[in-house]
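Results of the structural survey
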Amino acid sequence: MILRVDNLTFSYHSKLVLDKVSFSIDRGECVAILGINGAGKSTLLKCINRILTPEGGCVFIDSIDITKMHQIDIAKNIGYVPQRTNTTRMTVFDAVLLGRRPYIKIDATNEDIDIVNDILKNLSLEDYSLKYIDELSGGEFQKVLIARALAQQPKVLLLDEPTSSLDLKNQIEVLDFIKDIAKKNGISVVVVIHDLNLALRFADKYILMRDSRIYSVGGEEVITEESIRDVYSVDVKIENISNKKIIIPI
Ligand SMILES: Nc1ncnc2c1ncn2[C@@H]1O[C@H](COP(=O)(O)OP(=O)(O)OP(=O)(O)O)[C@@H](O)[C@H]1O
């Protein structure tokens, strides 16, 4: 087990958003967090990496309570791609190199530069390397943020709707690439995602959230017509096509 979230509780002012949320994730596991708008998914990611301070509960990485870790060690362990972000003007290369910051003592080493170049190549961003990030499309920018988090070489990668601006081909390519490196490098990935069919293609485990709580956690078996209706208030039919579950709204 690499990540353990234990009874995490958080409120904005008096509004309870996370109510004793608990789950654990193994090394290399790909997890999708599902739930309606406002269910608390982004808040959960922000509490895991200490952008927000939970009012109760604990988060453990490799059995270490993250409140006992320095910020730089949290950054080495947890990569995070937010839904929205403001960044200063810089090139794509420099933006991705920023992911190496927790490791760089004075100057970037050849190893740092090789890591960045590898990731740019794998995400088909190498031709954009010297372009400024404010001159990118929404989807290209989203890929740069993912590249930066990967350059951090974290144990746990938290992605908040990472494919929302990507076209279909890029959605599939980026998620397949993330899954591939999760398996190869033993990185655990937690993705907040609204597209249920993409989630089914990507995840090994699903966390369904409803009313500030976990509705269910588990493998593909927790994705049923009944659970989707309970969580999203939408009627769906689940079909099996080429041995894959496909969710069809009806
Ligand atoms: N900074 C904030 N101050 C006050 N309330 C907030 C704040 N951020 C979020 N909330 C509220 O907390 C609840 C959970 O928000 P959160 O962003 O975690 O939901 P989410 O499941 O990620 O939603 P979405 O799918 O729309 O991104 C929502 O009701 C939201 O309005």
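Residues numbered from 1 in each chain as written. Predicted model: local features only at pLDDT ≥ 70, side-chain atom pairs only at ≥ 80, totals over all residues.

Under an unreviewed UniProt entry, the chain has the name Iron complex transport system ATP-binding protein and belongs to Caloramator proteoclasticus DSM 10124. Recorded under Sequence similarities (unreviewed entry), the UniProt text for the chain is reproduced unchanged: "Belongs to the ABC transporter superfamily." (UniProt positions renumbered as here; feature names shortened; annotations may be inferred.)

1. A short note on the site of the ligand
Around the ligand, the neighbouring residues are Tyr 12, Val 17, Gly 35, Asn 37, Gly 38, Ala 39, Gly 40, Lys 41, Ser 42 and Thr 43. In terms of residue count, the dominant contributor to the shell around the ligand is helix 1 (residues 41–48) (three residues). Across the shell around the ligand, the residue classes break down as three nonpolar, six polar and one charged. (Near = placed C-beta within 6 Å. Helix = DSSP H or I, 4+ residues; strand = E, 2+ residues; numbered from the N terminus. Nonpolar A, V, L, I, M, F, W, Y, C, P; charged D, E, K, R; others polar.)

2. As for the pairing of strand 1 (residues 3–12)
Note that strand 1 and strand 2 (residues 15–25) share seven bridges and pair antiparallel. Its bridge partner lying in strand 2, Tyr 12 is registered against Lys 15. Following strand 1, the chain reverses through two residues before pairing antiparallel with strand 2; His 13 in that reversal takes a positive phi of roughly 55°. The sheet contact formed by strand 1 and strand 4 (residues 56–61) spans five bridges and is antiparallel. Bridge pairing links Thr 9 to Gly 56 in strand 4. (Pairing = 2+ DSSP bridges.)

3. Some words on the nonpolar core
Val 31, Ala 32, Ile 33, Val 96, Ala 147, Val 189 and Val 191 are the most contacted members of the largest nonpolar core, which has 67 residues in total. Of all the elements, helix 5 (residues 138–151) adds the most residues to this core, at seven residues. Among all residues touching Val 31, those that are not within four sequence positions of it are Ile 25, Val 189, Val 190, Val 191, Ala 203, Lys 205 and Ile 207. (Core = buried A, V, L, I, M, F, W, Y, C linked by C-beta atoms within 7 Å. Buried ≥ 20, exposed ≤ 12 C-beta atoms within 10 Å, placed from the backbone. Contact = placed C-beta atoms within 7 Å.)

4. Considering the sheet that holds strand 7 (residues 156–160)
Taken in spatial order, the six strands of this open sheet run 6-7-8-3-9-10, and their pairing is mixed. Sheet topology places strand 6 (78–81) and strand 10 (213–218) at the edges, where each strand pairs with a single neighbour. The mean inter-strand angle of the sheet, taken between neighbouring strand axes irrespective of direction, is 15°. Bridge analysis of strand 6 against strand 7 gives four bridges, and the strand direction is parallel. When the sheet's bridge partners are listed, Gly 79 is paired in strand 7 with Leu 157. Sheet contacts for helix 5: strand 6 and strand 7; angle to strand 6, the most-contacted strand, approximately 175°. (Axes fitted to C-alpha atoms, helices over the stretch in contact; angles between N-to-C directions.)

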